Amino acid sequence: MKLVEVRRCAVLFLEPTENIRFSLGAVLSGGDGLLRHSGWQAIAPHLEDGCVEIEEWMAVLLGRLSPSRWIPWQESGGSYEEVLALIQKGLIVAAVDLPGMEHFRRSDERVRAADWWPLAAACAIRGRWSDVDSAADMERNGTNTVAGLLKTLGNPMPEQVIEPDLYLSRVEPDVFDHLLRRRVTCRNFSGQQLETATFARMMERVFAATHVEEPAPGLRFLKRSSPSGGGFHATDAYILVQRVDGVAPGLYRYLPESHALSRIGGEQSETQQLAMQMVAGQHWFANAPVIVALVATYRRSFWKYRNHSKAHRALILDGGHLSQTLYLSATDLGMGAFVTAAINEKQIETMFSLDPLEKGVIAVCGFGHRADAMAITEFDPGGAVWPAMDG
Ligand SMILES: Cc1cc2nc3c(=O)[nH]c(=O)nc-3n(C[C@H](O)[C@H](O)[C@H](O)COP(=O)(O)O)c2cc1C
């Protein structure tokens, strides 16, 4: 590492951490039984997991380095071993490819080129799940029932009761009101095939472009049934087809302008396992015949909203709008639908070959025919979908 120039990675946040561990020894010696260990975590979106543990001296050395100016490593204020240790963690980047470290420089460059608002980049990359089974986790910690929630968490904080000043009129519900009332998150899908035409209609209603404008080469504005921040419609539908007539089970990307599917891969034998990964073990969703990952292409929005503190939020909101349109479209066609943010982003990225610095999985939705009976609870207090429990 003779004349190698270095700089700090583009985006870096330092978090003081505390690890708490139970120790019988600590109880016997008269304490509360908890061993507390404080440390430091570096949060940097170009890292695979978005973070890495560091030592205190590393935090100090990193604070001295510029993220923009390359300097010979000898001027960094750290020893050879110290600089090398931080290069190996990916937090100091070398201007040349050092064996085994090239991927850090490349992903750091991608973060620089992507025009992320740094806090959003850290949040998006660090917040991804891998191999989480949220259904099993809830069962284990007893938060899968109301009684269990209260036992584990206690009562929620009471909120201030506000006296009404002006009552608003209510009207007899019309067709649209009834549609809204029948929108109930579906946790009971039948094993039925979905008809080709119903599937196509759903995709068209929710994700198709009804109009495309191209005021300059490469600058394309789609019109869709949902609104979108900046009009960029950065969110695409990546689909796991499990049971649709005429569509081979597997993974697809939906093309909104041509209203067509592009096949990505996947076999029938693995669709259930892929589905369970997508919805993080929530078996009540995994049986839906169609499961859709809402995937944002960051560049499409960040081209205009560079280093913008609202840009990532707008993409998340776009996902919310698409999911509501999907719910209402499915409800109108007599089907059930769901959306969930409890998803294994990392496995979804692998399934669809997505680079998380370029494309972010915002949420997962699904739709299909409901089962004949409600085995898993749905929130349908008015009996709009299911016969009222008390008859
Ligand atoms: C952003 C978001 C995330 C959600 N995640 C889950 C989830 O992980 N699991 C689940 O069973 N339902 C999930 N839901 C559905 C909600 O639980 C549901 O909307 C809520 O209980 C109200 O019921 P309703 O949709 O039938 O009115 C989610 C809904 C939203 C909007």
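Note that the structure is predicted; figures quoted are calculated from it, not measured.

**Q** Any chance you could explain a nonpolar patch on the surface here in plain terms?
**A** On the surface, Ile20, Phe22, Leu24, Val27, Leu28 and Leu34 cluster together into a nonpolar patch covering about 610 Å² of accessible area. Every element with two or more residues in the nonpolar patch is listed here: strand 2 (13-22) and helix 1 (24-28). In terms of residue count, helix 1 provides more of the nonpolar patch than any other element does, three residues in total. Relative to the elements of secondary structure, Leu24 occurs in helix 1. Given a relative accessible area of 57%, Leu24 falls into the exposed group.

**Q** Whenever I open this one, the packing of helix 10 (residues 271-278) against helix 14 (residues 345-352) confuses me. Can you help?
**A** Think of two packed helices as two axes; the pair is described by the angle between the axes and how far apart they sit. Two numbers describe how helix 10 lies on helix 14: the axes approach to 8 Å, and their chain directions differ by 140 degrees. With respect to helix 14, the axis of helix 10 lies oblique. Packed against helix 10, whose contacting residues are Leu274, Gln277 and Met278, the element helix 14 presents Gln347, Ile348, Met351 and Phe352 at the interface. Split by residue class, the contact of helix 10 with helix 14 holds five nonpolar, two polar and no charged.

**Q** Can you walk me through the site of the ligand in this structure?
**A** Taken together, Arg183, Val184, Thr185, Arg187, Gln282, Trp284, Phe285, Val339, Thr340, Ala341, Ala342 and Phe379 make up the full set of residues adjacent to the ligand. For the ligand, an oxygen atom lies 2.8 Å from a polar atom in the side chain of Arg187. One nitrogen or oxygen atom from the side chain of Thr340 is found 2.7 Å from an oxygen atom belonging to the ligand. When the ligand is considered free in solution it has 610 Å² of accessible area, and contact with the protein chains removes 59% of it.

**Q** Would you mind going over the packing of aromatic side chains with me for this structure?
**A** Two aromatic rings are characterised by how far apart their centres lie and by the angle between their planes. On inspection of all chains with the given rule, the structure shows 12 aromatic pairs. In this structure an aromatic cluster arises from ring pairing among Phe189, Trp284, Phe285 and Phe338. Seen from the ring of Tyr327, Arg183 lies directly overhead, with NZ or CZ sitting 5.0 Å from the centre.

**Q** Looking at this structure, I do not really get helix 2 (residues 56-64). What am I missing?
**A** The α-helix advances 3.6 residues per turn, and as a result positions three or four apart in sequence lie on the same side. If you check which residues of helix 2 are buried, you get Met58, Ala59, Leu61 and Leu62. In this structure, the buried residues of helix 2 make contact with strand 1 (5-8), strand 2, strand 3 (34-43), strand 4 (51-54), helix 3 (80-89) and strand 6 (92-94).

**Q** Looking at this model, I keep getting lost on the pattern of salt bridges. Mind explaining?
**A** Once their charged atoms are close, side chains differing in charge can pair, the charge on each being opposite to the other. A full pass over the atoms with the stated rule returns 18 salt bridges. Between Asp332 and Arg205 there is a salt bridge, with its nearest N and O atoms 2.8 Å apart. Residue Asp332 is located in helix 13 (residues 311-332), and its partner Arg205 is located in helix 9 (residues 196-207); the two are separated by 127 residues in the primary sequence. The class for Asp332 is partly exposed, based on a relative accessible area of 39%. For the salt bridge of Arg299 with Glu358, the shortest nitrogen-to-oxygen distance reads 3.6 Å. Of this pair, Arg299 sits in helix 12 (residues 298-302) while Glu358 is found in the loop between helix 14 and strand 14 (359-368), placing the two residues 59 residues apart along the sequence. Its relative accessible area of 31% is what places Glu358 among the partly exposed residues. Through salt bridges that share partners, Asp97, Arg105, Arg106 and Glu109 make up one connected network.

**Q** Would you mind going over the sheet that holds strand 3 with me for this structure?
**A** The pairing of strands in a sheet happens through backbone hydrogen bonds and is either parallel or antiparallel. Sheet architecture is open: three strands sit in the order 2-3-4, paired in antiparallel fashion. On the outer flanks of this sheet lie strand 2 and strand 4, each paired with one strand and no other. On average, each strand axis in the sheet is tilted by 40 degrees relative to the strand beside it, whichever way the strands run. Pairing between strand 3 and strand 4: four bridges, direction antiparallel.

**Q** Just to check I follow, could you spell out the state of the cysteines for this structure?
**A** A covalent bond bridging the sulfur atoms of two cysteines is what the word disulfide describes. Inspection of every chain in the model, using the stated rule, returns zero disulfides. Its sulfur unpaired, Cys186 is 13 Å from the next cysteine sulfur, which belongs to Cys365.

**Q** Would you take a moment to explain the pairing of strand 14 for this structure?
**A** Regular strands show a simple pattern: their side chains alternate between the two faces of the sheet. For strand 14, a buried count of 10 out of 10 residues is recorded, marking the element as mostly surrounded by other parts of the structure. Note: strand 12 (residues 290-297) against strand 14, eight bridges, orientation antiparallel. When the sheet's bridge partners are listed, Val295 is paired in strand 14 with Val361. Where strand 13 (residues 336-340) meets strand 14, five bridges bridge the pair, whose relative direction is antiparallel. Directly across from Val339, in strand 14, lies its bridge partner Cys365.

**Q** Hey, could you run me through the environment of Ala286 in this one?
**A** If you trace the backbone, Ala286 turns up in helix 11 (residues 283-286). A residue is classified by how much of its surface remains accessible, and Ala286, at 0% relative accessible area, is buried. For Ala286 and Phe189, which are 97 residues apart along the polypeptide, the C-alpha to C-alpha distance reads 8.8 Å. Excluding anything up to four places from it in sequence, Ala286 contacts Gln242, Gln272, Ala275, Met276, Val279 and Ile291.

**Q** Is there a simple way to explain the sheet that holds strand 5 (residues 71-72) in this structure?
**A** Spatially, the three strands line up as an open sheet ordered 5-1-6, and their pairing is antiparallel. Of all the strands in the sheet, the pair left with one neighbour each is strand 5 and strand 6. Of the pairings in the sheet, the one linking strand 1 to strand 6 comprises three bridges and is antiparallel in character. Bridge assignment links Arg8 to a residue of strand 6, and that residue is Ile92.

Rules behind the numbers
Residues numbered from 1 in each chain as written. Predicted model: local features only at pLDDT ≥ 70, side-chain atom pairs only at ≥ 80, totals over all residues. Heavy atoms only, no water. Patch = residues over 30% accessible without salt bridge, like charges linked within 9 Å, V, L, I, M, F, W, Y side chains within 5 Å. Areas by Shrake-Rupley, 256 points an atom, 1.4 Å probe, with all protein chains shown as cover. Salt bridge = Lys/Arg side-chain N within 4 Å of Asp/Glu carboxyl O. Helix = DSSP H or I, 4+ residues; strand = E, 2+ residues; numbered from the N terminus. Buried < 20%, exposed > 50% of the residue type's maximum accessible area, 1.4 Å probe, protein only. Axes fitted to C-alpha atoms, helices over the stretch in contact; angles between N-to-C directions. Parallel < 35°, antiparallel > 145°, perpendicular 65-115°, else oblique. Contact = heavy atoms within 4.5 Å. Nonpolar A, V, L, I, M, F, W, Y, C, P; charged D, E, K, R; others polar. Near = heavy atom within 4 Å. Polar contact = N/O pair within 3.5 Å; in protein donor to acceptor, adjacent residues only side chain to side chain. Phe/Tyr/Trp six-rings, centres within 6.5 Å; stacked < 30°, edge-to-face > 60°. Lys NZ or Arg CZ within 6 Å of the ring centre and 35° of its normal. Pairing = 2+ DSSP bridges. Disulfide = S-S within 2.5 Å.

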